[in-house]
Amino acid sequence: MARDSQAALVALNRFGFGARGGASGDLINAASDPRGFVKAELGRPNGVLLEAPGLQSTPQLGQAVFAYQDQVKQAREAAKVAAPAEAPPAQAPADPKPDTKLRRNLSLNSAATEIAGQMAEAKPADNAAKPDTMQPNPAAPPAVKPAPQPLNVIQKTFRAEALARLQRATLVECGFTERLVVFWSNHFCISASKGELARMWAGAFEREAIRPHVLGRFADMLKAVEQHPAMLFFLDNQQSLGPDSRAGQNRKRGLNENLAREIMELHTLGVGGGYTQEDVTSLARIITGWTFAGRQGQLGTPGSFVFNTNAHQPGPQQLLGKTYEATGLAQGEAALADIARHPSTANFIATKFARHFVADDPPPALVARLRDVFVRTDGDLKALATALVDSDEAWKAPLTKMRSPYDFLVASGRLLARVPEDPGLYLNSLNLLGQPLWSPAGPNGFPDTSAAWAAPEGMKLRLDIAAQMGARLGNNIDPLDLLEFAAADAASIETRRTVERAESRQQALALLLMSPEMQRR
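Presented here is a report on the structure given in the accompanying data block. (Residues numbered from 1 in each chain as written. Predicted model: local features only at pLDDT ≥ 70, side-chain atom pairs only at ≥ 80, totals over all residues. Heavy atoms only, no water.)

**What about the overall build of the protein?**
Now for step 1: Per the secondary structure count, the protein includes 26 helices and four strands.
Now for step 2: Here the protein holds 521 residues, and 52% of them are scored as buried.
Now for step 3: Relative to all contacts within the protein whose residues are 6 or more apart in sequence, the contacts with residues 24 or more apart total 75%.
Now for step 4: Here the protein displays about 22800 Å² of accessible surface, and carbon together with sulfur accounts for 53% of that area. (Helix = DSSP H or I, 4+ residues; strand = E, 2+ residues; numbered from the N terminus. Buried < 20%, exposed > 50% of the residue type's maximum accessible area, 1.4 Å probe, protein only. Contact = heavy atoms within 4.5 Å. Areas by Shrake-Rupley, 256 points an atom, 1.4 Å probe, with all protein chains shown as cover.)

This is the structure we're talking about:
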């Protein structure tokens, strides 16, 4: 069988995270049967699951947070007793990034500072101690760097979850199923910036609510997502009380529509999907009582999903023209099942799926085909992914979509054959590039268009990171060999000449990492 390097490049870049360096032979393997190479991962559903030593369940993690918060509270109280005449010292933040305001570039300068510290081989260490500027300031006295504080349980957990995800993405053969995980995790996003519970649960949410259903049914993923404590916390559904429920009457508090609105607008039907504000309010009533058990465990195991009957709005509800009888938890589950099968959901998901993998303006025929598969298979996501790979449009469209910062960093690590041992460099680089892991600015997730990631400032930051990689690793790597691993004869003449004419191996490596073969998919 003839080998097709161009199709292999599409297979690895469009559907995966790019070729691995070393002796992987990814490009050669993909060139023999590009579509079969991509679809092979779809036949290994257990390969999507992520298990690693030390990764715990959501209830276990919730209990760990509650215990940690109790310890912090006790320490504060002890400090007050020990020094009543003095102002207590400021409590070190439990987490470097929690923020009640969901912002996009969290601690940009501090992230850059940390990266510079980790890149000590490439840059002088004293550049890392400038929190307000990336340039040295000779007029300022040298700052005394405080001793690093030990990581607390929330920070350790977040880093362990991040490392497990990064290692899987780096080691997997093609990466199609990992790309599917990233897509669905961003579609049903939470933000670790919401607070300590969200940060603690971010990785577990993906492991428990997303991964088991990536090759399953959309309706099952939808139910798992909306009942997961991380989503309930992120969109405040634990605060939502049926106005006529026992809790609502006692506390004089009512509905919180955040979760209901995002279910309809962002998770299923989409804007213009045929629902009204009355439908949002009705769905909010239907899912009152969907919450998680708190630290006291009065409703169940702390940190686990529970249905609180006392908070649930009693009586039947009408949603999208259908009446749902008062069946408690089953009322909301029936409503979600119907929304998952709504024609608007099929169209919204098909469009977003094609946009992510193929083009910002996906071919209408491809969207229509994916929509029909979604409807015909009752939301079978493996069938949806297979239909995408089988489509000619997905292979003929030019590789013009800009890789997200996460894709770029993972692709670079794969090509350099560097299996992450510490997630810090990746996490800091993602912060710097505007895509902090599991921390989008809002419930609509990170943008999925080239324009969002191709801005001049963002490209300059990528170049800085590529240059740092080149400075650290260039002496021991032949960039022309890497170009063969990444693209072989599918590489453009311009890219090959640029790498060949570089003044040093370090510069050649940086230029290769910034080439279209590494930046586009």
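Next comes the rest of the description.
**Some remarks on the packing of aromatic side chains**
Now for step 1: Applying the stated criterion across every chain, the model contains 19 aromatic pairs.
Now for step 2: With centroids separated by 5.3 Å and ring planes inclined at 80°, the aromatic side chains of Phe183 and Phe353 adopt a geometry described as edge-to-face. Taken together, the residues Phe183 in helix α7 (residues 176-187) and Phe353 in helix α15 (residues 343-357) connect sequence positions 170 residues apart. The burial state of Phe183 is the same as that of Phe353; both residues are buried. (Phe/Tyr/Trp six-rings, centres within 6.5 Å; stacked < 30°, edge-to-face > 60°.)

**Re the environment of Gln519**
Now for step 1: Within the secondary structure, Gln519 sits in helix α26 (residues 516-519).
Now for step 2: Classification of Gln519 as buried rests on a relative accessible area of 3%.
Now for step 3: Sequence separation between Gln519 and Met402 is 117 residues; the distance between their C-alpha atoms is 6.0 Å.
Now for step 4: Beyond its immediate sequence surroundings of up to four residues, Gln519 is in contact with Lys401, Met402, Arg403, Phe408, Met459, Arg462, Leu513 and Met514.

**Considerations on the nonpolar core**
Now for step 1: Formed by 134 residues in total, the largest nonpolar core has its most connected members in Phe15, Phe176, Trp184, Leu283 and Phe353.
Now for step 2: Considering each element in turn, this core owes the most residues, nine residues, to helix α8 (residues 196-210). (Core = buried A, V, L, I, M, F, W, Y, C linked by side-chain atoms within 4.5 Å.)

**Considering the packing of helix α9 (residues 218-226) against helix α12 (residues 258-267)**
Now for step 1: Running from N to C, α9 and α12 cross one another at 150°; their axes reach a closest spacing of 12 Å. Judged by the angle between their axes, α9 and α12 are roughly antiparallel. Relative to α12, the crossing made by α9 is right-handed. Contacts from Phe218, Leu222 and Glu226 in α9 reach Leu259, Ile263 and His267 in α12. (Axes fitted to C-alpha atoms, helices over the stretch in contact; angles between N-to-C directions. Parallel < 35°, antiparallel > 145°, perpendicular 65-115°, else oblique. Left-handed = near helix turned anticlockwise from the far one by under 90°.)

**A word on the pattern of salt bridges**
Now for step 1: In this structure the tally under the stated criterion is 24 salt bridges.
Now for step 2: Here Glu161 and Arg207 are joined by a salt bridge, their closest N and O atoms 2.7 Å apart. You can see Glu161 sitting in helix α6 (residues 153-171) and its partner Arg207 sitting in helix α8, a full 46 residues away along the chain.
Now for step 3: Using a relative accessible area of 13% as the deciding quantity, one classes Arg207 as buried.
Now for step 4: One salt bridge in this structure joins Asp448 and Arg521, with 3.8 Å as the shortest N-O distance. With Asp448 in the loop between α20 (424-433) and α21 (450-453) and Arg521 in the segment after α26, this pair connects stretches of sequence that are 73 residues apart.
Now for step 5: For Arg521, a relative accessible area of 3% gives the class buried.
Now for step 6: By sharing partners, the salt bridges in this structure join Arg165, Arg168, Glu178, Glu206 and Arg211 into a single network. (Salt bridge = Lys/Arg side-chain N within 4 Å of Asp/Glu carboxyl O.)

**Remarks on the packing of α7 against helix α17 (residues 381-390)**
Now for step 1: Viewed as axis vectors pointing N to C, α7 and α17 meet at an angle of 115°, and their least axial separation amounts to 12 Å. Viewed along their axes, α7 and α17 form a crossing whose handedness is right-handed. In contact with Phe176, Leu180 and Trp184 of α7, α17 contributes Leu381, Leu384, Ala385 and Val389.
Now for step 2: Residue composition of the contact of α7 with α17, by class: seven nonpolar, no polar and no charged. (Nonpolar A, V, L, I, M, F, W, Y, C, P; charged D, E, K, R; others polar.)

**Details of α9**
Now for step 1: Buried within α9 we find Phe218, Ala219, Met221, Leu222, Val225 and Glu226. Looking straight down α9, one finds that the buried residues subtend no more than 160° of arc, so they occupy a single side. (Arc of directions from axis to C-beta.)

**Observations concerning the side chain of Arg403**
Now for step 1: Position of Arg403 relative to the elements: it lies in the loop between α18 (393-396) and α19 (405-415).
Now for step 2: For Arg403, which is buried and forms no salt bridge, the nearest opposite charge comes from Asp407, at a distance of 5.6 Å.
Now for step 3: One polar contact links Arg403 to Asn13, side chain to side chain, over a distance of 3.3 Å.
Now for step 4: Polar side-chain contacts of Arg403 include one of 2.7 Å to the backbone oxygen of Met518.
Now for step 5: Once you skip the residues sitting within four places of it in the chain, Arg403 turns out to touch Asn13, Phe17, Gly18, Phe408, Ala411, Trp453, Arg462, Glu517, Met518, Gln519, Arg520 and Arg521. (Lys, Arg positive; Asp, Glu negative; His and termini not counted. Polar contact = N/O pair within 3.5 Å; in protein donor to acceptor, adjacent residues only side chain to side chain.)

**Notes on unusual backbone geometry**
Now for step 1: A positive phi angle, near 65°, is found at Asp236, a position not held by glycine.
Now for step 2: By the element assignment, Asp236 lies in the loop between α10 (229-234) and α11 (246-251).
Now for step 3: Non-glycine residue Trp438 carries a positive phi angle of around 55°.
Now for step 4: Checked against the element boundaries, Trp438 lands in the loop between α20 and α21.

**Some points on the environment of Ser344**
Now for step 1: In this fold, Ser344 is placed in helix α15.
Now for step 2: With 71 residues separating them along the chain, Ser344 and Gly273 place their C-alpha atoms 5.2 Å apart.

Without other data, these values stay purely geometric and don't point to any function.
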